[in-house]
Amino acid sequence: MFRSVFSGVALLVAAACTAQAQTVTTPEQLFTEFSRCDAHFFESLRDARLPAGTVRLSDYGSVKAPTVTSPLQEDGAYQHFETPLVVNGVRMVGYYNQAQTLKNLGNFLFWGFIADGSPQEVAAKLKPLIVDNGRFVSQGQAITRAEIRRIGDPIGQWRTEGLTGPGVATPFGFVDRVLMVDTGDNRPPMAGRTTVFCSLQGTVTAPLLQVYRPDLNAHLLD
Amino acid sequence: MNARWPALIVCSFILTGCAGLQNPQRANLAHCTNQLKASKAENYALALQEGDLCLQKNTLPASLQSLIYAVQADAHSNLKQFPEAVTAKEKSIQVAGKPDGRANLDLSAMYRDAGNPQKALELVRYNLDNGLGEAGKGTGFHMPTYYHLGLALTDLGQYREAAEAFSTGLERQPDYAWAFYARGVAYGHLGEKDDAKADFRKFSQIVDKKYVEDKHKAKLAEYGISIP
């Protein structure tokens, strides 16, 4: 009797310790989760303990995500951090979350941070934190980790061969997923800064978004 | 399947138009014509019988032989003789001697009916791997490919991937009612009840009612939906 009670208590303690170990408590841990370019980032934000005044979070379904007005509106897809989130020495000054459909090219989703510094400096500091960073390599001006899925492949399985390459449209029936560090465009708030973002592009459907972007209404691009 | 009828009619003309042939030969070829007629009349048992005689008593060119086997496969399928359907369809493809994406999709469906969804999936993947679109090599992939892909994945219990395949097909052909139905089934297995209900509702609004069977109505009824 006592043995089974003890075993039960031990299991509960072990479970609590495991949960504790999974809680994100540093910006570096959060960035590692982000670098997976999947649901882990949003799930980890549920219980994350981050420096005050940095990322403002909202509840989206069963997860949390940095608050933005709307990923579908260009002027509503950005959050500026009152206090930069410093990740391994890189100052992240904001977060953006954009989604759009381009006729004949498919759906495009971009989410990530805006950082101070050049792409090369930022990538060098962040690389040790990036999951599967052996594939995080320079490609022109940008530093990327790219992969591709064909519709019908297991939902969590990404191919690292047969990639479409930069500047090439994702073929119908495929989804490209890219983690990228690149020069921001010419407009504020990205002008003169570096973007650190994940993207899903191509035949991005609701069943895929339900898995990879639980912070979004999966049907926002239907 | 309807797209095959113009080819059948042409073949029928060819087979019946051999006026210069001797009577025994004409009689033998008549079995081929009779098979096509019986199939069109949905007399599948007669179609099989005449088809067998056609193949036994004639030396047909490969394209016609392939067609006769394809009609045999269709007849077996309609009689729910699925292993025989698979055998006849494989023979049809083999005799034709050239890759045919659409024929592979038909064979995939027959393998599903025969209880072998893994082989069904392999056939669709073969098409995808080799650029074998429904209308030929390099013609791209449309609803039929993604629909059959989704059905094979559904039978394998890979419901998320199946729903994704149906969604992809619907991007090509947004008014194909049966893809909504099939995706509704996949969503149902995933516990996404709202999405399932939305798909079944859409299906009920656009489906051609003459093809709806009791089992489909029963599924819709689970979600409080009836065919208007």
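Here the structure is a predicted model, which is why all the values come from computation and not from measurement.

## Things to note about the overall build of chain A
Okay, step 1: When helices and strands are tallied, chain A shows 5 helices and 9 strands.
Okay, step 2: Going from the N terminus to the C terminus, chain A shows its helices and strands as α-α-α-β-β-β-β-β-α-β-β-β-β-α.
Okay, step 3: Relative to a compact globule of 222 residues, whose C-alpha radius of gyration would be 17 Å, chain A shows 19 Å and is just as compact.
Okay, step 4: When its C-alpha atoms are laid out on the principal axes, chain A stretches across 65 × 40 × 35 Å.
Okay, step 5: Residues classed as buried in chain A amount to 38% of the 222 residues present.

## Observations concerning the pairing of strand β5 (residues 106-115) of chain A
Residues and elements named next belong to chain A.
Okay, step 1: The buried count for β5 comes to 8 of 10 residues, which makes it a mostly enclosed element.
Okay, step 2: Bridge count for strand β4 (residues 90-102) against β5 is 10 bridges, and the pairing is antiparallel. The partner of A99 across the bridge, within β5, is L109.
Okay, step 3: Note that β5 and strand β9 (residues 194-202) share 9 bridges and pair antiparallel. Residue pairing across strands places F113 opposite V196, the latter belonging to β9.

## Details of the interface of chain B and chain A
Interfaces are often sized by the amount of accessible area the parts lose when they come together.
Okay, step 1: Taken together, the contact pairs 14 residues of chain B with 12 residues of chain A.
Okay, step 2: Those elements giving two or more residues to the side of chain B that touches chain A turn out to be α7 (117-129), α8 (143-155) and α9 (159-172) of chain B.
Okay, step 3: A per-element tally of the side of chain B that touches chain A places α9(B) first, with 8 residues.

## Points about the domain arrangement of chain B
Residues and elements named next belong to chain B.
Okay, step 1: When its domains are assigned, chain B resolves into domain 1 (1-97) and domain 2 (99-228).
Okay, step 2: Computed from C-alpha coordinates alone, the two centres of domain 1 and domain 2 are separated by 29 Å.
Okay, step 3: Tallying the contact residues gives 11 residues for domain 1 and 8 residues for domain 2.
Okay, step 4: Counting only elements with at least two residues in the side of domain 1 that touches domain 2, the list comes to α4 (62-78) and α5 (82-96).
Okay, step 5: Ranked by the residues each element gives to the side of domain 1 that touches domain 2, the list is headed by α5, at 9 residues.

Definitions and cut-offs
- Residues numbered from 1 in each chain as written.
- Chains lettered and ligands numbered in written order.
- Predicted model: local features only at pLDDT ≥ 70, side-chain atom pairs only at ≥ 80, totals over all residues.
- Helix = DSSP H or I, 4+ residues; strand = E, 2+ residues; numbered from the N terminus.
- Rg over C-alpha atoms; globule rule 2.2 N^0.38 Å.
- Buried ≥ 20, exposed ≤ 12 C-beta atoms within 10 Å, placed from the backbone.
- Pairing = 2+ DSSP bridges.
- Contact = placed C-beta atoms within 7 Å.
- Domains from an automatic or database assignment.

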